[in-house]
Amino acid sequence: MNDAAPGNQGTGDGDGGSVSRRSVLRTTAGVAGAGLALGAAGSGTASAAESAGAGAAETVSRTAAPTRKGRTMAGVPFERRSTVRVGIIGLGNRGASMIELYLAVPGVRVVAVCDPVKDKAEAAAAKVVGAGQPAPAVYAKGEHDYEKLCERGDIDFVYVATPWELHFAMARSALLNGKHVGVECPVAMRLDELWTLVDLSERTRRHCVQLENCCYGRNEMRVLRMAHAGLFGELLHGAGAYNHDLRELMFSPTYYEGPWRRLWHTRLRGDLYPNHGFGPVANYMDVNRGDRPVSISSFGTPALGLAEYREAHVPPGDASWKETYIESDRTISMVRTAKGRVIRLEHDVSTPHPYSRINSLGGTKGVFEDYPARIYVEPDHKNHQWGDFASYADWDHWLWKEHSNPPGGHGGMDYIMVFRLMQCMLLGLAPDFDVYDAATWTAPVPLSHLSVKANGAPQEFPDFTRGEWRKARSGVDSERPG
């Protein structure tokens, strides 16, 4: 290791100075070692993925907050810059589409791309050139080439869009090399990995953010502003989900790069993908900004859906016939907060049903429910009849008022997310959410598994902020920059 490795000479964010890669490795050895011993930092091989899953199933220590090794990252601004230089790791379905959004934001330059599938990396590089930017560096020499991308001295932000079992190792590499990093959901699969990312973000003074696009959905942002303005009264309960029939895609030989997503159904029983539902509701309730989760109880149905689909649609001899699925077809979790509120989370990708993230919020003055969007708040509504949510368009977030027809997928929320994050980096603002939110929104992955195994027994929810949650601070409900 080289203390003068590229990218480690930054001034830090706000109140943080630079820190050498060697010193970070020394001070986090006790934390990271636990994850490494259990295969948490797997590099993409099948054995690493399997050990990561096995570790998540049984090793979820460190629910209590360890001693902080660095200052909090809550409210810490990015360093202001004229250009954000981005490196992208993972160029499958998600990464290949998101690169176009980074290229669409003024002031952003994609300087490096990485994927072990050379054709995908080269196709991404061609998009960069087609957008009028210089040809990016291409990293396509095996599963570990992302480490060389992270070592570059001309990258400010690393974007990770790879299979779940790789997220932790890649985020860790980015932080150790002095880069801010944004990771697709979930940010990691184990509690010890989540704590390691929290520790590293604090020590390196670099942000590690969960790129939760649903927090930037138009409905979600409108409800957020209405909730914070008191239209729902005192908040009492919320619900979010990822109920999305993925059976055909999980057995597709081409949609995912290998069977990685389906294989997680052979390892864990709980909520594999809580972020889409949890993130928006956490924002409504100011989680980590005045409230926090204290416990989670999860219940799971039998695991029947994938096996039945395989029986009906997959020919004999396919490799999937060697798999045994244990992931509950539907997981329902109840999260209790310090203020006594209740959040219901659901996950179901194995049975036939229309898409829904539920996205519900209730308080002493009324309730909102999505899919379809409808609202009932006093004194606007009466006679127990739902009202038209479209009539509340004046409550749209300023981002949606300025970008009423954004490019990209998922109704434009992807672009809004990328635009806002890059705006914060360009202007030197604190990000809308941080490593504490990333860890909180992801913690139901291992915790729900343990609770399902224990017949719904409550699991203690870690306080990743180490007490900072009691302090009010801004989040996604932001003010428009002057």
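Residues numbered from 1 in each chain as written. Predicted model: local features only at pLDDT ≥ 70, side-chain atom pairs only at ≥ 80, totals over all residues. Heavy atoms only, no water.

Draft legend 1. How the structure looks around the nonpolar core. Tyr102, Phe232 and Met422 are the most contacted members of the largest nonpolar core, which totals 106 residues. In this structure, Met422 is in contact with Val84, Val86, Tyr102, Val105, Val108 and Phe157, ignoring residues within four places of it in sequence. By size, the runner-up hydrophobic cluster in this structure holds 19 residues, among which are Leu246, Met250, Leu272 and Leu306. (Core = buried A, V, L, I, M, F, W, Y, C linked by side-chain atoms within 4.5 Å. Buried < 20%, exposed > 50% of the residue type's maximum accessible area, 1.4 Å probe, protein only. Contact = heavy atoms within 4.5 Å.)

Draft legend 2. Highlighting unusual backbone geometry. A cis amide bond links Cys185 to the next residue, Pro186, at an omega of -15 degrees. One can find Pro186 in the loop between strand S5 (180-183) and helix H8 (191-204). The omega torsion of the bond from Tyr371 to Pro372 falls at 0 degrees, within 30 degrees of zero and hence cis. Within the secondary structure, Pro372 sits in the loop between strand S12 (366-369) and strand S13 (374-377). Positioned with a positive phi, Asp286 is a non-glycine residue whose angle comes to about 55 degrees. (Helix = DSSP H or I, 4+ residues; strand = E, 2+ residues; numbered from the N terminus.)

Draft legend 3. Summary view of the sheet that holds strand S4 (residues 157-160). Taken in spatial order, the 6 strands of this open sheet run S3-S2-S1-S4-S5-S6, and their pairing is parallel. At either margin of the open sheet sits one strand with a lone partner, and together these are strand S3 (137-139) and strand S6 (208-210). Across the sheet, the mean angle separating the axes of adjacent strands is 25 degrees when strand polarity is ignored. In terms of strand pairing, strand S1 (residues 84-89) meets strand S2 (residues 108-114) through 6 bridges, oriented parallel. Bridging across to S2, Ile88 finds its partner in Val113. Across the sheet, helix H7 (residues 164-176) touches S1, S4, S5 and S6, and the angle it forms with S5 is around 165 degrees. (Pairing = 2+ DSSP bridges. Axes fitted to C-alpha atoms, helices over the stretch in contact; angles between N-to-C directions.)

Draft legend 4. Up close: the pattern of salt bridges. Going through the model one piece at a time under the given rule, you end up with 27 salt bridges. The salt bridge involving Glu79 is made with Arg81; its shortest N-O contact spans 2.8 Å. Note that Arg247 and Asp245 form a salt bridge whose closest N and O atoms lie 2.9 Å from each other. Since its relative accessible area comes to 17%, Arg247 is described here as buried. Looking at Asp245, the relative accessible area reads 28%, which means it is partly exposed. Salt bridges sharing partners connect three or more residues here, namely Glu79, Arg81, Arg85 and Asp156. (Salt bridge = Lys/Arg side-chain N within 4 Å of Asp/Glu carboxyl O.)

Draft legend 5. Structural view of the packing of aromatic side chains. Applying the stated rule across the entire model yields 18 aromatic pairs. The interplanar angle of 45 degrees and the centroid separation of 5.2 Å between the aromatic rings of Tyr102 and Tyr159 together place this pair among those described as tilted. A residue pair is termed long-range when its members are at least 10 positions apart, and Tyr102 in helix H4 (residues 93-104) and Tyr159 in strand S4 qualify at 57 residues. For the pair shown, Tyr102 and Tyr159 are each scored as buried. Here a set of aromatic residues connected by ring pairs shows up, and it is made of Trp164, Tyr242, Tyr255, Tyr256, Trp260, Trp264, Tyr273, Tyr355 and Tyr371. Lying across the ring of Trp386, Arg374 places its NZ or CZ 5.2 Å from the centre. (Phe/Tyr/Trp six-rings, centres within 6.5 Å; stacked < 30°, edge-to-face > 60°. Lys NZ or Arg CZ within 6 Å of the ring centre and 35° of its normal.)

Draft legend 6. Up close: the state of the cysteines. Within this structure, the stated rule accounts for 0 disulfides. Looking at Cys185, it has no disulfide partner, and the nearest cysteine sulfur is the one in Cys214, 7.6 Å off. The exposure class of Cys185 is buried, given its relative accessible area of 3%. (Disulfide = S-S within 2.5 Å.)

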